[in-house]
Amino acid sequence: MTLIQATGLTKTYRTTNAVKGIDFTIEAGGCVGLLGPNGAGKTTTMKMLVGQTTITDGELTLFDVPVSKLSADERGRLGLVSQDNNLDPDLTVEQNLQLYGRYYGLSRDEVAPRVEALLDFVQLKEKRNDSVRALSGGMQRRLVIARALIADPELVILDEPTTGLDPQARVLIWQRVLELKKQGKTLLLTTHYMDEAQRLCDRIIVIDGGEILDDGTPKELIKRHVPTQVYEVNKPLPKALEDDLSSFEADDLGDSVQVYVNDPKQLFEKLDHPETQVRLHRPANLEDVFLRLTGRNLREGA
Amino acid sequence: MKLISALLLRQFLVWRQLWIGSTLTNFANPALFLYAFGFGLGSMLATVGGVDYLSYIVPGMVAYSILFSANFDTTINAYSRFQVQRTYDALLATPVRLPHIVLSEILWAALKALVNGAGVLLVAAFFGGVDSLSNALLTLPLFLLGGLVIASIGLMFTSLAKGFEFFSYIFTLWVTPNFLFTGVFWEIDRYPWFIEYIAYALPLHHLVEATRPLLLNQPVDMGMFAIHVGYLAVLTAVATAVALARFNKRLFD
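Nothing here was measured: the structure is a model prediction, and the numbers come from that model.

S.K.: Explain the overall build of chain B to me, please; I cannot follow it from the model alone.
M.R.: The helix and strand inventory of chain B stands at nine helices and zero strands. Traced from its N-terminal end to its C-terminal end, chain B shows the element sequence α-α-α-α-α-α-α-α-α. The C-alpha radius of gyration of chain B comes to 18 Å, within 12% of the 18 Å expected for a compact globule of 253 residues. Principal-axis analysis of the C-alpha atoms places the extent of chain B at approximately 60 × 40 × 35 Å. Counting every position in chain B, which comprises 253 residues, the buried fraction comes to 55%. Sequence-distant contacts, at least 24 apart, represent 80% of the contacts inside chain B between residues at least 6 apart. Total accessible area on chain B is roughly 10900 Å²; 73% of this is exposed by carbon and sulfur atoms.

What follows is the structure, encoded as structure tokens:
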């Protein structure tokens, strides 16, 4: 079943083209990652899906309905874990969930058992009567997740769910996200953490500058874009390697050079003391793919 | 309707935490004015147009409390929900749509203003400034309309505001003239003609003029009454429409 279909999807803010005519389809089940650097168009795409911003051009359907024509019930099949914590700071943890349920048109009696289950799910039972202002960043994020689940949506959109959190809080969020996957929900996640994408996503759409650069499983992307092995060689480089560097895929990291190879022998021929010259060896990962696809330039703003 | 009542419930839950402070300020302020002007200034004036001064300023004082309450809720308070707390963004991720938000903001502010206004009427009655209690009850729907007009105009300002500084202009150029130049304290014909014309444009003038004969137990000129009520209704509709259009642009474009 197709949940989301974008055709020529375009968003133009006053002067900037945030999303430039992208096409993609998302089927029910699993977790799809929308990956890109800051300002790539991830959040804009999410906002168009959720109905927080209008579409400039192209088509975007959710449950086979154009997003601008979604009924209240159809909207209820979608939950958003927003990037900024826009919890209601004037209310308690429990009230935030109760009221959010009411915004989905649920009755008080329908909401009550869900609030209990969700407080349990995100481990915030003891905090139920606390003001939202008193929660840590990780707790607030967990509450945002619980809030998105109040109407039991089949599609959950997570916009950078762990940005700004400490490692413990991130692990907790990941556990919850994996649990949602197990429950059979379809997840659409944006992140710029590659480890997070690799851990959680079954499929990844890489986007930059408002355009889709590639689309596939993490394994496929790695295979398609980078050789399998990565060696970090200390500078100064041995003469043999230095002279022949252009025949390798390599990135200068400052005091070392990262060399990508499928067959290590090819590299080792150029090294006279591999044990001291190679600083690090690892299999290629999504981060390498990401950097190859989106370039090494620093992003300003966004 | 279900969604609007959910939004009103939200406002109610927040209000319930702070109701003592909020009621006290919105209530005590006009009560103090009523006391100070009614007895202070009133003792120097025998009567205004045949009625004692305390009774004369009661409708103005009720209108004043409605002006402050509804304006504050839909300007400073609404703006912080809109821009600081990002409440509107969170709401728009649910089935709640912009018209629900706009209508609930206006409705809530008007209802709260009505409660505050009714409180002032009670205080006035206690001071002996209300001649006919049954007529006072008749003015309540008018004061609700007054709340709606002030609230919708306040929300329109919010939809145009770029920052909190904007609201200090609103206070000086909108709230204060509505309070001072609309016949709250005395007839507007005491002012030069241009101020008189400004007063005709301001909603508080029409609210005071529509309610004063009722509260003073005087004959009501139905033609004028219809003009006052009609003008307030039109203002409400226009301000609501502008607020909707501006928010639509700012939130979705």
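Read on, since the account is not over.
S.K.: In this structure, what is going on with the pattern of salt bridges? I would like to understand it.
M.R.: Opposite charge on two side chains permits pairing when their charged atoms draw close. All names here are of chain A. A complete count under the given rule lists 28 salt bridges over all chains for this structure. Note that Asp 214 is salt-bridged to Arg 224, the shortest N-O span being 2.6 Å. With a gap of 10 residues between them, Asp 214 in strand E10 (residues 211-216) and Arg 224 in helix H8 (residues 218-225) connect regions that are remote in the sequence. Note that Arg 224 and Glu 220 form a salt bridge whose closest N and O atoms lie 3.7 Å from each other. Linking Arg 224 with Glu 220, this pair stays in helix H8, spanning four residues, or about one helical turn. When its relative accessible area of 39% is taken as the criterion, Glu 220 is described as partly exposed.

S.K.: Can you walk me through the sheet that holds strand E8 (residues 186-191) of chain A in this structure?
M.R.: In sheet architecture, strand pairing relies on hydrogen bonds along the backbone and comes in two forms, parallel and antiparallel. All names here are of chain A. Strand order across the open sheet formed by six strands is E6-E7-E8-E3-E9-E10, with mixed pairing between neighbours. Looking along the sheet, the strands with just one partner apiece sit at the ends: strand E6 (78-81) and E10. In this sheet, adjacent strand axes meet at a mean angle of 15 degrees when their direction is disregarded. Those strands touched by H8 are strand E9 (203-208) and E10, and its axis lies near 110 degrees from that of E10.

S.K.: Would you mind going over the nonpolar core with me for this structure?
M.R.: Soluble globular proteins tend to bury their nonpolar side chains together. Ranked by internal contacts, the top residues of the largest apolar core, which has 154 residues, are Ile 4, Leu 62 and Ile 157 of chain A together with Met 61, Tyr 88 and Phe 247 of chain B. For this core, the element with the most residues is helix H2 (residues 53-84) of chain B, which contributes 15 residues. Apart from residues no more than four positions distant in its own chain, Leu 62 of chain A is found in contact with Leu 3, Ile 4, Leu 49, Val 67, Leu 70, Leu 78 and Leu 155 of chain A. Tyr 231, Leu 237, Phe 248 and Val 278 of chain A belong to the second largest nonpolar core, which has 11 residues in total.

S.K.: I keep staring at the sheet that holds strand E4 (residues 57-62) of chain A and nothing clicks. Help me out?
M.R.: All names here are of chain A. Across the sheet, which stays open at both edges, the four strands sit in the order E2-E1-E4-E5 with antiparallel pairing between neighbours. Edge positions in the sheet fall to strand E2 (17-27) and strand E5 (65-66), since each has one partner strand and no second. With eight bridges joining them, strand E1 (residues 2-12) and E2 adopt antiparallel strand pairing. Among the inter-strand pairings, Lys 11 is bridged to a residue of E2, identified as Val 19.

S.K.: Honestly, the layout of surface pockets in this entry has me stumped. Any pointers?
M.R.: Using a probe with the size of a water molecule, rolled over the atoms, empty space left in the structure can be pinpointed. Here the largest pocket is characterised by a volume of approximately 1000 Å³. Listed by contribution, the elements that provide at least two residues to the lining of the largest pocket are helix H1 (42-50) of chain A together with H2 and helix H9 (222-252) of chain B. Broken down by element, the residue count for the lining of the largest pocket peaks at six residues, all from H1 of chain A. Of the residues that constitute the lining of the largest pocket, the class distribution is 11 nonpolar, 13 polar and 13 charged. Of the volumes computed, that of the second largest pocket is approximately 600 Å³. The wall of the second largest pocket is formed by 28 residues, among which Ser 22, Phe 72, Asp 73, Asn 77 and Lys 112 of chain B lie closest to the centre. Among the elements of the structure, helix H1 (2-44), H2, helix H4 (98-127) and helix H6 (166-180) of chain B are those that each provide at least two residues to the lining of the second largest pocket. When residues of the lining of the second largest pocket are assigned to their parent elements, the largest contribution, 12 residues, is made by H2 of chain B.

S.K.: I tried to follow the pairing of strand E11 (residues 229-234) of chain A on my own but got confused; where do I start?
M.R.: All names here are of chain A. Two strands pair when backbone bridges link them, and E11 and strand E13 (residues 256-261) are joined in this way by six bridges, in the antiparallel orientation. Bridging from a neighbouring strand, Asn 234 pairs with Ser 256 of E13. The sheet contact formed by E11 and strand E14 (residues 278-283) spans five bridges and is antiparallel. Note on E14: the bridge partner recorded for Val 230 is Arg 282.

S.K.: Is there a simple way to think about the packing of H2 of chain B against helix H5 (residues 133-160) of chain B in this case?
M.R.: Each pair of packed helices gets described by two things: the angle between the helix axes and the distance between those axes. Residue and element names in this part refer to chain B. Across the interface, H2 lies against H5 with an axial gap of 8 Å and an inter-helix angle of 35 degrees. Where H2 crosses over H5, the two elements pack in a sense that is right-handed. Across the interface between the two elements, Pro 59, Val 62, Ala 63, Ile 66, Leu 67, Ala 70, Asn 71, Thr 74, Thr 75, Ala 78, Tyr 79 and Phe 82 of H2 pack against Phe 143, Gly 146, Gly 147, Ile 150, Ala 151, Gly 154, Leu 155 and Thr 158 of H5. A breakdown of the residues in the contact of H2 with H5 according to their chemical character gives 13 nonpolar, seven polar and no charged.

S.K.: Explain the environment of Tyr 260 of chain A to me, please; I cannot follow it from the model alone.
M.R.: All names here are of chain A. Considering the arrangement of structural elements, one finds Tyr 260 in strand E13. Here the alpha-carbon distance between Tyr 260 and Asp 288, two residues 28 residues apart in the chain, equals 9.4 Å. Of note is the side chain of Tyr 260, whose polar atom sits 3.1 Å from the side chain of Asp 288. In terms of polar contacts, Tyr 260 uses its side chain to reach the side chain of Arg 292, at 3.4 Å.

S.K.: Hey, could you run me through a nonpolar patch on the surface in this one?
M.R.: Residue and element names in this part refer to chain B. Where nonpolar side chains cluster on the molecular surface, the patch consists of Trp 193, Phe 194, Tyr 197, Ile 198 and Tyr 200 and spans about 610 Å² of accessible area. Relative to the elements of secondary structure, Tyr 197 occurs in helix H7 (residues 193-201). On the basis of relative accessibility, which here comes to 54%, the residue Tyr 197 falls in the exposed class.

S.K.: Would you mind going over the interface of chain A and chain B with me for this structure?
M.R.: Interfaces are frequently sized by the accessible area removed from exposure as the parts join. Facing the 25 residues of chain A at the interface are 25 residues of chain B. Across the chain A/chain B interface, buried area totals approximately 2200 Å², and carbon plus sulfur atoms make up 57% of it. Ionic pairing is found between Arg 10 of chain B and Asp 88 of chain A, a salt bridge with its closest N-O pair at 2.6 Å. At the surface where chain A touches chain B, the tally comes to 10 residue pairs in polar contact (both at pLDDT 80 or more). Looking at the side of chain A that touches chain B, the elements that each hand over two or more residues are helix H2 (72-75) and helix H3 (93-103) of chain A. No other element matches the five residues that H3 of chain A contributes to the side of chain A that touches chain B. Its residues placed into classes, the side of chain A that touches chain B shows 11 nonpolar, eight polar and six charged.

S.K.: Sorry, what's going on with H7 of chain B here?
M.R.: What sets the pattern is the α-helix's 3.6 residues per turn: residues three or four places apart point alike. Residues and elements named next belong to chain B. Those residues of H7 lying buried are Ile 195, Glu 196 and Ala 199. Around the axis of H7, the buried residues are gathered within 105 degrees of arc, so they sit on the same side. Turned more than 90 degrees away from the buried face of H7 sit Trp 193 and Tyr 197, all of them exposed. In this structure, the buried residues of H7 make contact with helix H8 (203-215).

Cut-offs used in this document
Residues numbered from 1 in each chain as written. Chains lettered and ligands numbered in written order. Predicted model: local features only at pLDDT ≥ 70, side-chain atom pairs only at ≥ 80, totals over all residues. Heavy atoms only, no water. Helix = DSSP H or I, 4+ residues; strand = E, 2+ residues; numbered from the N terminus. Rg over C-alpha atoms; globule rule 2.2 N^0.38 Å. Buried < 20%, exposed > 50% of the residue type's maximum accessible area, 1.4 Å probe, protein only. Contact = heavy atoms within 4.5 Å. Areas by Shrake-Rupley, 256 points an atom, 1.4 Å probe, with all protein chains shown as cover. Salt bridge = Lys/Arg side-chain N within 4 Å of Asp/Glu carboxyl O. Pairing = 2+ DSSP bridges. Axes fitted to C-alpha atoms, helices over the stretch in contact; angles between N-to-C directions. Core = buried A, V, L, I, M, F, W, Y, C linked by side-chain atoms within 4.5 Å. 1 Å grid on protein atoms, 1.4 Å probe; cavity = no way out; pocket = protein on both sides within 12 Å on 5 of 7 lines; lining within 4 Å. Points joined across faces, edges and corners; volume = space filled by probe spheres on them. Nonpolar A, V, L, I, M, F, W, Y, C, P; charged D, E, K, R; others polar. Left-handed = near helix turned anticlockwise from the far one by under 90°. Polar contact = N/O pair within 3.5 Å; in protein donor to acceptor, adjacent residues only side chain to side chain. Patch = residues over 30% accessible without salt bridge, like charges linked within 9 Å, V, L, I, M, F, W, Y side chains within 5 Å. Buried area = accessible area lost by both parts, 1.4 Å probe. Arc of directions from axis to C-beta.

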